[in-house]
Amino acid sequence: MASKRVILYRLYIVLNIAIIWVIFSLIFLYNIIEVDKEELAKRRLIYFSLAFALVGLIVAGAEAFVLKHMFRKMPIWLSTILRMTLTFILILIASVVVVFAYWIFRYKGELSFIQFERHFVKDILLTPSFLMLMVDLGLLAFLSILILEISDKYGPGGLRNLIRGRYNKPRKENRIFLFLDINDSTTIAEKIGHEKYFNMLHDFFADITEPIIANWGHIYQYVGDEVVICWKNTPKNKARCLNFIKESVDVFKKKRDYYMKEYNVSPTFKAGIHAGDVTVGYVGIIKKDLVFSGDTLNTTARIRSKCHDLKHPYIASIDFVKDFRIPKDFQADEIGEMEFKGRVEKSKVYSLELV
Amino acid sequence: MASRRILRYRLLVLANISIIWVVFAFLFLYNIILIEKELVTGRSLLLFSVAFAVIGFVVSAALVFYLKSAFRHYPLWVSVLIKMAFTLGLFILIAFIMLSSYYVFSEHRSLDEFADSFYREVFLTRGFMIFMLDLAVMTLLTILIIEVTDKYGPGGFWSMMRGKYIKPRIENRIFIFLDINNATTIAEKLGHTKYFRLLRDFFAEITIPLLANGGEIYQYVGDEVVLSWKNTPLNKQRCFKFLRQSFFLLKRREAKFMKRYGICPTFKAGIHSGEVTAGVIGIVKKDLVYSGDTLNTTARIRSKCHELDEAFVVSGDFLHDFSTPFAYKVNEIGEMEFKGRTEKEKLFSIIFE
């Protein structure tokens, strides 16, 4: 299920959050250590921030890999509270274990668990610095949940592009676009009702995410029942684009039983593929968004609508097919011609057949 | 330029950020006060957090109103650094003024003496350093919050927090599809990069009437922008007002656009209302999505603008149960097939009087 790329992407987010934890931990712990100056020697700062980073890594890892799906159906504030409690417990357990180990190996006095417990409660649990640590941790847990949510809103790489200011000035880029659409969406929607149809759409887009990330695709936007995916225009990415179609077909074949059971239909899709220049940049004041603009997109949309006319699920333009050796899994056949804006002659379009 | 509605929206963002500052202030100051226990007595906590709130308010006001677009062309991290430096400067200035007035008026000593002791007793203390560090973190957070709320759009961030659309909801909404006239011709004439700037300026201009009339930007689709309101009679009126105000606003800006691009954009719009399913979709790219025939129909109505040679085309569904305000004239101009209906539906044009 989990391809290498998907895990890599998740790990990348976890790493980012862990770095934020370390930065915050340095600030927070500097504060705390100042408070308990007498108790803590200076050299422990490193230990502490290491421990903090470790806990941060565990928490963020748990968030990104496991908990996110568990809490997906809850509002953020509720899941935040639940996750914060979980974090507290985790920290409490970790600190009990660590301190207990330290106690056993280092403590010269009498060794008994009851004594340890009494000391633990009095000397650690009830000190102001421990309480503060807990508050700080809660804050961090909240922040990391928020960051996860926000980075999902921007999509992979989106937040980094924003911070780097990559598209502050509009840039011209050569990109591959793939418009992907569920077949017979209107019929399905009428058959199973709008609410159920929306749930199916949700599942469909969720299932397609894996092949997208595994093949380095970038989700540009959802337009109604359609999703627009893009790549930088390189031969390698062209191969990935085709591989994406192949893997997606496999995913829905595998999940056929699930969809039949849940919605009584098994979704299939059609796709239009094209490549060309677009201008990329941010637009909007109160709703800022990265926008691709240019004829390439309109043309891709028209190619996608050709799928219906020509009765073929996957159609690519000549711009995509030329200068590119089609992988063995696919066979490209010329199936028609289409007018492209700004060109005098009609351009060819090709059908892509899975062999 | 700044209408009341925009002011209110900015103030709302401001209030939210101030609340965050106060919460953090309690947390941070609790830390600091523990350190400098001898110096600061308990009752100062309140005083300090009030001061923090004031500073937070001033800083985020400066950010929201003035600085937000000041460094727009720099990468975010550069503008964050500049803004942080600015905040720290501002804060030191405020602290200096406040403390010096306190010093001069209640201790009756000279300003010279004060400057010396300020440097030694306040500036170089641990507490002050930590305070500065905390302040820097707060500023960073503020800038990020402003940036992120812009991504979500007004109200979007809170509906995400509240989990409003976790379960899909059926909503009755008004949609406007709005498009620049002759986009392809303009793009060919200006070149793509310059055309993109025109597009950006155009979207920025219509933001003001949009906010003033309580509309929401659903998404940008190529050169098109999709706007949306909840379907109420009041919002239908606002929708009309929005079209009128945008139309005249662009006319007023004609000189500016002509100077920059040699062309003044006009727009066409298709208006329709109906039920859609609203919900959050996607795993690695989450977005609020409206799904349903209503949207496809609105897109088709917008494309009718071109065929019928009318700037604004509105569906019969929208005008149903709605008496047109007297400054607008509505004429029947044609018919269109709607999906799932046997009879053709009427289309109307809007003319401003």
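Residues numbered from 1 in each chain as written. Chains lettered and ligands numbered in written order. Predicted model: local features only at pLDDT ≥ 70, side-chain atom pairs only at ≥ 80, totals over all residues. Heavy atoms only, no water.

Caption draft 1: Molecular detail of the overall build of chain B. Counting its regular elements, chain B contains 12 helices and eight strands. Out of the 353 residues belonging to chain B, those deemed buried represent 51%. Nonlocal contacts in chain B, meaning residues at least 24 apart in sequence, comprise 71% of its contacts between residues at least 6 apart. Accessible area of chain B: about 17200 Å², with a carbon and sulfur share of 60%. (Helix = DSSP H or I, 4+ residues; strand = E, 2+ residues; numbered from the N terminus. Buried < 20%, exposed > 50% of the residue type's maximum accessible area, 1.4 Å probe, protein only. Contact = heavy atoms within 4.5 Å. Areas by Shrake-Rupley, 256 points an atom, 1.4 Å probe, with all protein chains shown as cover.)

Caption draft 2: Looking closely at the overall build of chain A. In terms of helices and strands, chain A carries 12 helices and eight strands. Out of the 355 residues in chain A, the part that is buried amounts to 51%. Contacts spanning at least 24 positions in sequence make up 70% of the contacts within chain A whose residues lie at least 6 apart. Approximately 17600 Å² of chain A is accessible, and the part contributed by carbon and sulfur atoms is 61%.

Caption draft 3: Local environment of the pattern of salt bridges. Under the counting rule described, the total for this entry stands at 18 salt bridges over all chains. For Lys151 of chain B, the salt bridge is made with Asp289 of chain A, and the minimal N-O distance between the two is 2.8 Å. With one member in each of two chains, Lys151 of chain B in helix α5 (residues 126-152) and Asp289 of chain A in strand β5 (residues 289-293) form a pair that bridges those chains. Ionic pairing is found between Arg302 of chain B and Asp179 of chain B, a salt bridge with its closest N-O pair at 3.5 Å. Placement of Arg302 of chain B in helix α11 (residues 293-308) and of Asp179 of chain B in strand β1 (residues 169-180) is noted, with a sequence separation of 123 residues between them. When its relative accessible area of 10% is taken as the criterion, Asp179 of chain B is described as buried. Several salt bridges share partner residues, and in doing so they unite Arg166, Arg171, Glu173 and Arg175 of chain A into one network. (Salt bridge = Lys/Arg side-chain N within 4 Å of Asp/Glu carboxyl O.)

Caption draft 4: Seen up close, the nonpolar core. Membership of the largest hydrophobic core comes to 75 residues, with the highest contact counts inside it found for Ile176 and Leu243 of chain B. Per element, the largest residue contribution to this core is nine residues, and it comes from helix α8 (residues 192-212) of chain B. The contact partners of Leu243 of chain B, leaving out residues within four places of it in the chain, are Ile176, Phe267, Ala269, Ile271, Phe312, Ile350 and Phe352 of chain B. Judged by nonpolar contacts, the second largest core, of 59 residues, contains Leu148, Val249, Phe252 and Tyr350 of chain A. (Core = buried A, V, L, I, M, F, W, Y, C linked by side-chain atoms within 4.5 Å.)

Caption draft 5: Examining the packing of aromatic side chains more closely. All names here are of chain B. Tallied over the entire structure, the rule returns 33 aromatic pairs over all chains. With centroids separated by 5.8 Å and ring planes inclined at 50 degrees, the aromatic side chains of Phe202 and Phe203 adopt a geometry described as tilted. A single burial state applies to Phe202 and to Phe203, both of which are buried. In this structure an aromatic cluster arises from ring pairing among Phe202, Phe203, Tyr220, Phe240, Phe247, Phe248, Phe267, Phe312, Phe318, Phe322, Tyr328 and Phe352. (Phe/Tyr/Trp six-rings, centres within 6.5 Å; stacked < 30°, edge-to-face > 60°.)

Caption draft 6: Representation of unusual backbone geometry within the structure. Here Asp323 of chain A, not a glycine, exhibits a phi torsion of approximately 60 degrees, which is positive. Tracing the chain through its elements places Asp323 of chain A in the loop between α12 (318-321) and β7 (330-338). The phi dihedral of Asp309 of chain B is positive, around 55 degrees, even though this residue is not glycine. Relative to the helices and strands, Asp309 of chain B resides in the loop between α11 and β6 (312-315). Classification of Asp309 of chain B as exposed rests on a relative accessible area of 68%.

Caption draft 7: A look at the confidence of the model for chain A. When pLDDT is averaged along chain A, the result is 80, and 72% of the positions lie at 70 or above. Contacts from residues 38-43 of chain A, a stretch scored under 50 in pLDDT, to residues over four places away or in other chains number four contacts. (pLDDT = per-residue confidence, 0-100.)

Caption draft 8: Here's a closer look at the environment of His306 of chain B. Within the secondary structure, His306 of chain B is located in helix α11. On a C-alpha basis, the gap between His306 of chain B and Leu12 of chain B in space is 40 Å, while along the polypeptide they are 294 residues apart.

Caption draft 9: Geometry of the side chain of Arg173 of chain B. All names here are of chain B. You can see Arg173 is positioned in strand β1. Only 2.8 Å separates the side chain of Arg173 from the side chain of Glu171, close enough to count as a polar contact. A polar atom in the side chain of Arg173 sits 3.3 Å from the side chain of Glu216. Discounting residues that sit within four places of it in the chain, Arg173 has contacts with Tyr165, Glu216, Ser228, Trp229, Lys230, Asn231, His272, Ser273, Gly274, Val276 and Tyr290. (Polar contact = N/O pair within 3.5 Å; in protein donor to acceptor, adjacent residues only side chain to side chain.)

Caption draft 10: Region of the structure containing the environment of Gly294 of chain A. Relative to the helices and strands, Gly294 of chain A is located in the loop between β5 and α11 (295-310). C-alpha separation for the pair Gly294 of chain A and Gly276 of chain A, spaced 18 residues apart in sequence, amounts to 9.1 Å.

Caption draft 11: Highlighting the packing of helix α8 (residues 194-214) of chain A against helix α10 (residues 256-263) of chain A. Residues and elements named next belong to chain A. At a closest axis distance of 11 Å, the pairing of α8 and α10 adopts a crossing angle of 165 degrees. Classified by the angle their axes make, α8 and α10 are roughly antiparallel. For α8 against α10, the interelement crossing comes out right-handed. The segment α8 lies against α10, with Lys196, Asn199, Met200, Asp203, Phe204 and Asp207 engaging Tyr258, Tyr259, Glu262 and Tyr263. When the residues that make up the contact of α8 with α10 are grouped by side-chain class, the tally is five nonpolar, one polar and four charged. (Axes fitted to C-alpha atoms, helices over the stretch in contact; angles between N-to-C directions. Parallel < 35°, antiparallel > 145°, perpendicular 65-115°, else oblique. Left-handed = near helix turned anticlockwise from the far one by under 90°. Nonpolar A, V, L, I, M, F, W, Y, C, P; charged D, E, K, R; others polar.)

Caption draft 12: Examining a nonpolar patch on the surface more closely. All names here are of chain A. Together, Leu15, Ile19, Ile23 and Leu57 make up an exposed nonpolar region whose accessible area comes to about 350 Å². The leading source of residues in the nonpolar patch is helix α1 (residues 4-35), at three residues. Relative to the elements of secondary structure, Leu15 occurs in helix α1. (Patch = residues over 30% accessible without salt bridge, like charges linked within 9 Å, V, L, I, M, F, W, Y side chains within 5 Å.)

Caption draft 13: Representation of α11 of chain B. All names here are of chain B. Its 16 residues give α11 an end-to-end C-alpha distance of 22 Å, which sits within 8% of 22 Å, the value for a rise of 1.5 Å per residue. Within α11 the residues assigned to the buried category are Thr294, Leu295, Thr297, Thr298, Ile301, Arg302, Lys304 and Cys305. One side of α11 holds all its buried residues, which, seen down the axis, span an arc of 165 degrees. Seen from the buried face of α11, the exposed residues on the opposite side, beyond 90 degrees, are His306 and Glu307. Of the residues flanking the end of α11, it is Asp309, one or two places downstream, whose phi is positive at about 55 degrees. (Expected span 1.5 Å × (residues − 1). Arc of directions from axis to C-beta.)

Caption draft 14: Looking closely at the confidence of the model for chain B. All names here are of chain B. Residues at a pLDDT of 70 or more form 73% of chain B, whose mean pLDDT is 79. Note that pLDDT drops below 50 for residues 38-43; the model gives that stretch two contacts with residues more than four away or on any other chain. As scored by the predictor, the complex reaches a pTM of 0.81 and an ipTM of 0.79.

Caption draft 15: The arrangement of the pairing of strand β2 (residues 218-223) of chain A in detail. All names here are of chain A. Pairing between β2 and strand β3 (residues 226-232): five bridges, direction antiparallel. Bridging across to β3, Ile219 finds its partner in Ile229. Hairpin geometry of β2 and β3 is characterised by an intervening segment of two residues between the two adjacent antiparallel strands and by a positive phi of about 60 degrees at Gly224. (Pairing = 2+ DSSP bridges.)

Caption draft 16: Representation of the state of the cysteines in the model. Considering all chains together, one arrives at zero disulfides over all chains under this definition. Cysteine Cys230 of chain A is unpaired, with the sulfur of Cys241 of chain A as its nearest cysteine sulfur at 10 Å. Given the relative accessible area of 0%, Cys230 of chain A is considered buried. Lacking any disulfide linkage, Cys264 of chain B is separated from the closest cysteine sulfur, that of Cys305 of chain B, by 18 Å. (Disulfide = S-S within 2.5 Å.)

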